[in-house]
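# Fold and geometry: a report
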Amino acid sequence: MTAAAAEKDHVVVVYNTQLDGSEEIAGYYAKKRGLSDDQLIGISCTPNESISRRDFAEFIQKPLIDKLEESGWWKIRRDGGDWRVTQSRLKYLVLCHGIPLKIEEQPPEQMDHPPPAGTRTELTVNRAAVDTELALLPSPKAPITGALPNPFYGKNNIDDLSDWNLKAVLVTRLDGPNPAACKRLVDGAITGEEHGIWGRAVVDMRGLKDGAYLQGDQWLAKLVDLLKSSGWDPYVDRAEPTIDDPAPFQSTALYGGWYSDSICGPMADRNFQFVPGAVAYHIHSFSAESVRTFDQKWVGPLVARGAAATMGCVNEPYLQFTPTPDLFFKHLLYGKNFAEAAYLSQPVLSWQITMAGDPLYRPFRQRFDQALAQLEKENSSDLPWAYLRKSGQMASAGMIDPAIQLLEARFRENPHVLYAERLARLYAEKKDFSASIRLWKQCIEKSAGQPPLKAHSLLSLARTEWDAGMAADSIAHYRQYVDQFADHPSRKTVAVEAGDRAVQKGMRADADHFNRIAAPPPPDPAK
């Protein structure tokens, strides 16, 4: 029996009988994963995203405990009013669209055991995400106030903790703007497992140098190193605004970034789509305040645009209690499933994190050499992405010349623009600027009819020429960029960069041209 086959025998799917479509999603997932009828549990609770603490206990927590015991998933020993799980077949709990997302704050006067007066702080609230509250369903004595240390955090494997499922359960949800989007979470996971996920990796940092939020950029910097060591060639933005250039988001497979209240930039376009099976995670305090949205916050919009796995915060979690992106993606890249990666990377439970996606989704279940061999056998259109990753593995090991030789050979067989882009960057790393410039010019030719890619290649050419000491050529291509792509979202930012460089070289007319674009004069009030 394969690991995936064994895992599915430990899954229970929960749906809400009070919302049309919830049971249908449960059945859809069960069919795709080969689950039996006794692995589906229906409960009756509010279909709203928010639920009171008392209603959570009465209509979600208690019915689940009773039904898990009745159906033989749990054996419970009872002693007076106390109980504990002594045997469990349950490891994964899947909450379907319609199960509430978050538990509202319960005032102290309504609590059986209120905290002492004067001890209440933002870190001792009892509001929480339903997901990470239910993660402690087998632990009846777990306090509801404040965040609780996650015993899985920092471990290499969930099973490093023996008999862990007597005290915890890994909870994710199939949720999003509508039932169709929830089903796509399932389809994306299946496609990602069967074919792998092939495309670009994008990391959007803030360029912080100090301060209380530096840790977020440090996590993302570690993610960049991890991706490079795994063969990915991530597009990395280290500026405070979120990325506005659409070119890096062509065929996005992995995304990690911060910090915007709602989906923005190229991803905000409703026509934007991730590649099948993509994993995306944006850090923001209220990224999952609602997941039933197409354009507001992050989790719902990411699911709507095809991400197969994502996480977010239903309320303020505070940065130190947020899932760490480098650990999350590391566990995925090393072959863990979505639920394992999510719970191994978050410091606390009974807190504010929700996880949207199939818990069994294992995007990198195949070793890379096996995945490459499969693509070669199928003569897949994804082969360029696979060869880019292979060359990346070589380059990360210091074998830049062999990496270049591999890509040059593939480029001769298939003159794909992806090969030209990567070769241009590798030659620039070697300070072979003439080869890099030649390849960027080929990229410009090959991207005719694709304005975002052409703009990206033209800007890369200008920057490479600058690094090569070819200031006049560089400034000329900067001018071509800002003049030809007047509607490009990065135009003003590039104009500032180009203007500074023109000033350095005493090219006053060019500098004035860039400055007029970067900071156009106000309109004449007389007109």
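Let us look at the structure shown here. (Residues numbered from 1 in each chain as written. Predicted model: local features only at pLDDT ≥ 70, side-chain atom pairs only at ≥ 80, totals over all residues. Heavy atoms only, no water.)

With that settled, the discussion passes to the overall build of the protein. Secondary structure summary: the protein contains 18 helices and 17 strands in total. The C-alpha radius of gyration computed for the protein amounts to 26 Å, which stays within 12% of the reference 24 Å derived for 527 residues, consistent with globular compactness. Projected onto the principal axes, the alpha-carbon positions of the protein cover approximately 85 × 65 × 40 Å. A total of 527 residues make up the protein; the buried ones form 55% of that total. The contacts of the protein with a sequence gap of at least 6 include a subset with a gap of at least 24, amounting to 71%. (Helix = DSSP H or I, 4+ residues; strand = E, 2+ residues; numbered from the N terminus. Rg over C-alpha atoms; globule rule 2.2 N^0.38 Å. Buried < 20%, exposed > 50% of the residue type's maximum accessible area, 1.4 Å probe, protein only. Contact = heavy atoms within 4.5 Å.)

Our next topic: the sheet that holds strand E7 (residues 102-103). Ordered by their spatial adjacency, 3 strands build an open sheet running E3-E7-E8, and the pairing between neighbours is mixed. The two strands at the open ends of the sheet, each matched to only one other strand, are strand E3 (50-51) and strand E8 (128-129). Relative to E8, E7 is paired through 2 bridges, and the arrangement is antiparallel. Residue pairing for E8: Ile103 is matched across the bridge by Ala128. (Pairing = 2+ DSSP bridges.)

For the peptide bond that leads from Trp258 to Tyr259, omega is 15°, which places it in the cis range. Tracing the chain through its elements places Tyr259 in the loop between strand E13 (252-257) and strand E14 (279-282). In this structure, Ser251 is a non-glycine residue whose phi angle is positive, near 60°. Locating Ser251 in the fold gives a position in the loop between strand E12 (235-237) and E13. According to the relative accessible area criterion, Ser251 is partly exposed, its value standing at 33%. Phi at Lys431 is positive, roughly 65°, even though this residue is not glycine. Of note, Lys431 is situated in the loop between helix H13 (417-429) and helix H14 (433-446). A relative accessible area of 61% means that Lys431 is categorised as exposed.

Moving on, we come to the pattern of salt bridges. Using the criterion set out here, one finds 29 salt bridges in the structure. Residue Glu69 is joined to Arg78 by a salt bridge in which the shortest nitrogen-to-oxygen separation is 2.6 Å. Note on Glu69: relative accessible area 28%, which makes it partly exposed. Note that Lys297 and Asp261 form a salt bridge whose closest N and O atoms lie 2.8 Å from each other. Separated by 36 residues along the polypeptide, Lys297 in the loop between E14 and helix H7 (299-304) and Asp261 in the loop between E13 and E14 bring together distant segments of the chain. A relative accessible area of 13% means that Lys297 is categorised as buried. What emerges from the salt-bridge pattern is a single network uniting Asp233, Arg422, Arg425 and Glu429. (Salt bridge = Lys/Arg side-chain N within 4 Å of Asp/Glu carboxyl O.)

Moving on to the pairing of strand E5 (residues 82-88). The two faces of the sheet receive side chains in turn, since in a regular strand these alternate between them. For strand E4 (residues 74-79) and E5, the ladder comprises 6 bridges, and the chain directions are antiparallel. Bridge pairing links Asp79 to Asp82 in E5. What sits between E4 and E5 in their antiparallel hairpin is a turn of 2 residues, with Gly80 showing a positive phi close to 65°.

A separate point is the packing of aromatic side chains. Taken as a whole and assessed by the stated rule, the structure comprises 14 aromatic pairs. An angle of 85° between the planes, with centres 5.7 Å apart, marks the rings of Trp258 and Tyr259 as edge-to-face. Among the residues examined, Tyr259 registers a relative accessible area of 33% and is labelled partly exposed. Between Phe272 and Phe274 the ring centres are 5.0 Å apart and the planes differ by 85°, which places this aromatic pair in the edge-to-face class. Exposure class is identical for Phe272 and Phe274. Each is buried. Taken together, the ring pairs in this structure connect Phe249, Tyr255, Phe272, Phe274 and Trp298 into an aromatic cluster. For Lys183, the ring lying beneath its charged end belongs to Tyr28, and the centroid distance is 5.4 Å. A cation over an aromatic ring shows up here: Arg206 above the ring of Trp258, its NZ or CZ 4.8 Å from the ring centre. (Phe/Tyr/Trp six-rings, centres within 6.5 Å; stacked < 30°, edge-to-face > 60°. Lys NZ or Arg CZ within 6 Å of the ring centre and 35° of its normal.)

A few words now on the nonpolar core. Leu93, Leu134, Phe328 and Tyr343 are the most contacted members of the largest nonpolar core, which totals 110 residues. Setting aside chain neighbours within four positions, we find Tyr343 in contact with Asp131, Thr132, Ala135, Asn150, Phe152, Tyr153, Ile158, Leu170, Val171, Leu349 and Met355. By size, the runner-up hydrophobic cluster in this structure holds 51 residues, among which are Phe368, Ala371, Met394 and Trp440. (Core = buried A, V, L, I, M, F, W, Y, C linked by side-chain atoms within 4.5 Å.)

Turning to the packing of helix H15 (residues 451-467) against helix H16 (residues 471-484), a few remarks are in order. Direction vectors running N to C along H15 and H16 enclose 160°, while the axes themselves pass 7 Å from each other. One way to sum up the angle between H15 and H16 is to call them roughly antiparallel. As H15 runs across H16, the sense of the crossing is left-handed. The segment H15 lies against H16, with Lys454, Ala455, Leu458, Leu459, Leu461, Ala462, Arg463, Glu465 and Trp466 engaging Ala471, Asp473, Ser474, Ile475, His477, Tyr478, Gln480, Tyr481 and Gln484. (Axes fitted to C-alpha atoms, helices over the stretch in contact; angles between N-to-C directions. Parallel < 35°, antiparallel > 145°, perpendicular 65-115°, else oblique. Left-handed = near helix turned anticlockwise from the far one by under 90°.)

As a further point, take the state of the cysteines. All told, the structure shown has 0 disulfides when counted by the stated rule. Here Cys96 stays unpaired: no disulfide links it, and the sulfur of Cys182, its closest cysteine neighbor, is 8.0 Å away. For Cys96, a relative accessible area of 0% translates into the label buried. (Disulfide = S-S within 2.5 Å.)

Okay, the side chain of His456 next. For His456, the position within the fold is in helix H15. Accessibility expressed as a relative area gives 13% for His456, which makes it buried. Ignoring anything within four residues of it in the chain, the contact list for His456 reads Tyr235, Asp245 and Ala247.

Everything listed here is a matter of coordinates, which is why it stays silent on function.
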